[in-house]
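Single-letter residue listing:
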Amino acid sequence: MIQEVFGRFLHDFKDNPINWVLAAALIYMVQAILFPSVRGAPATETGTAPETSDTRAADQASSSKKASPAASSSVTPASRDKIKHPETVVFKEYTMRELLPYNGADGSPNGKIYMAVSGKVFDVSRGANFYGPQGPYGNFAGQDASRGLAKGTFEKDILPDVGKPIDTLEDLNAEERDALKDWESLFVSKYPQVGVLVNEKDA
Ligand code: HEM
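Residues numbered from 1 in each chain as written. Predicted model: local features only at pLDDT ≥ 70, side-chain atom pairs only at ≥ 80, totals over all residues.

Undergrad: Mind showing me how you'd approach the sheet that holds strand β2 (residues 114–117) here?
TA: The strands making up a sheet associate through backbone hydrogen bonding, with each pair oriented either parallel or antiparallel. The four strands lie next to each other as β1-β4-β3-β2, forming an open sheet whose pairing is mixed. If you trace the sheet from one side to the other, it starts and ends with β1 (92–94) and β2, each paired once. Each strand of the sheet is rotated relative to its neighbour by a mean of 35°, with strand direction disregarded. In terms of strand pairing, β2 meets strand β3 (residues 120–123) through four bridges, oriented antiparallel. Considered in β3, the bridge of Met-115 is made with Phe-122. (Pairing = 2+ DSSP bridges. Helix = DSSP H or I, 4+ residues; strand = E, 2+ residues; numbered from the N terminus. Axes fitted to C-alpha atoms, helices over the stretch in contact; angles between N-to-C directions.)

Okay, structure coming up:
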């Protein structure tokens, strides 16, 4: 039965030349889908245009300029010296005293603003509008801001004494703890952490 149907199909198929054209197009498309790298791979993978007589002529014309690899590269030893290495972050331990200079004022190391929240030290330099000397929360710059954030005040007298051990925050109530957790999440999502806050060795 199947053979009979198939035979009749073949018979009808071969009599019409349009079927042959369609079959060829179908085979071409199937192989292009199954083996995409076989045809046109250099053009699609490298982004270069397929070679034409025009591009060949252009290549030949410019071949004298490509005499050496150095000449063909736009990076010369001189320009390489000017390329800036991406900024690196050294994850460190900071005492409150070591954190102090990172307050965004003149003389701040590399002009950076750091701030501690729940024992984590963040680089908040990109929030200089908030934490810079003229910013509304400038008091937090170079400081452990945990207690102030928890209690919702940025007055200077909320900041812990630098000479004393790190604020344990044990007296915070549930609401203040939640508030501090929310602030911590914000800082984690927004600013790079550059270290942790630690006590001075003799504290
Ligand atoms: C008078 C009430 C306050 C107003 C109207 C106010 C308003 C604002 C506004 C508009 C922003 C910018 C938000 C953004 O663009 O993402 C902001 C950010 C901030 N606020 Fe307040 N704020 C107030 C009180 C406080 C208090 C009491 C604290 C905590 C101690 C505080 C801490 C902060 C901090 C740390 C940021 C910056 C967060 C970041 O780095 O993205 N604010 N505030």
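Read on for the rest.
Undergrad: Honestly, the confidence of the model for the chain in this entry has me stumped. Any pointers?
TA: Do not read the fine detail of predicted coordinates wherever pLDDT is low. Here the chain shows a mean pLDDT of 80. Residues at 70 or above account for 72%. In the predicted structure, residues 38–71 sits below a pLDDT of 50 and forms ten contacts with residues beyond four places in sequence or in another chain. (pLDDT = per-residue confidence, 0-100. Contact = placed C-beta atoms within 7 Å.)

Undergrad: Got a minute to help me understand the site of the ligand in this structure?
TA: Looking at the ligand, the residues that line it are Gly-127, Phe-130, Tyr-137, Gly-148, Leu-149, Gly-152, Thr-153, Phe-154 and Lys-190. Residues of the shell around the ligand, tallied by class, amount to four nonpolar, four polar and one charged. (Near = placed C-beta within 6 Å. Nonpolar A, V, L, I, M, F, W, Y, C, P; charged D, E, K, R; others polar.)

Undergrad: I'm lost on the environment of Asn-173 in this one. Help?
TA: Assignment of secondary structure puts Asn-173 in the loop between α9 (146–151) and α10 (174–190). Note: C-alpha distance between Asn-173 and Ala-150 (23 residues apart in sequence) is 9.3 Å.

Undergrad: What's the story with the nonpolar core in this structure? I'm lost.
TA: Burial of nonpolar side chains together is a common tendency in soluble globular proteins. Ile-113, Tyr-114, Met-115, Ala-116, Val-117, Phe-122 and Val-124 are the most contacted members of the largest nonpolar core, which totals 21 residues. Looking at this core, the elements with two or more residues in it are α7 (96–99), β2, β3, α9 and α10. No other element matches β2, which puts four residues into this core. Non-local contacts of Met-115, meaning those with residues more than four positions away in its chain, are made with Phe-122, Val-124, Tyr-131, Phe-140, Ala-141, Gln-143 and Ala-145. (Core = buried A, V, L, I, M, F, W, Y, C linked by C-beta atoms within 7 Å. Buried ≥ 20, exposed ≤ 12 C-beta atoms within 10 Å, placed from the backbone.)

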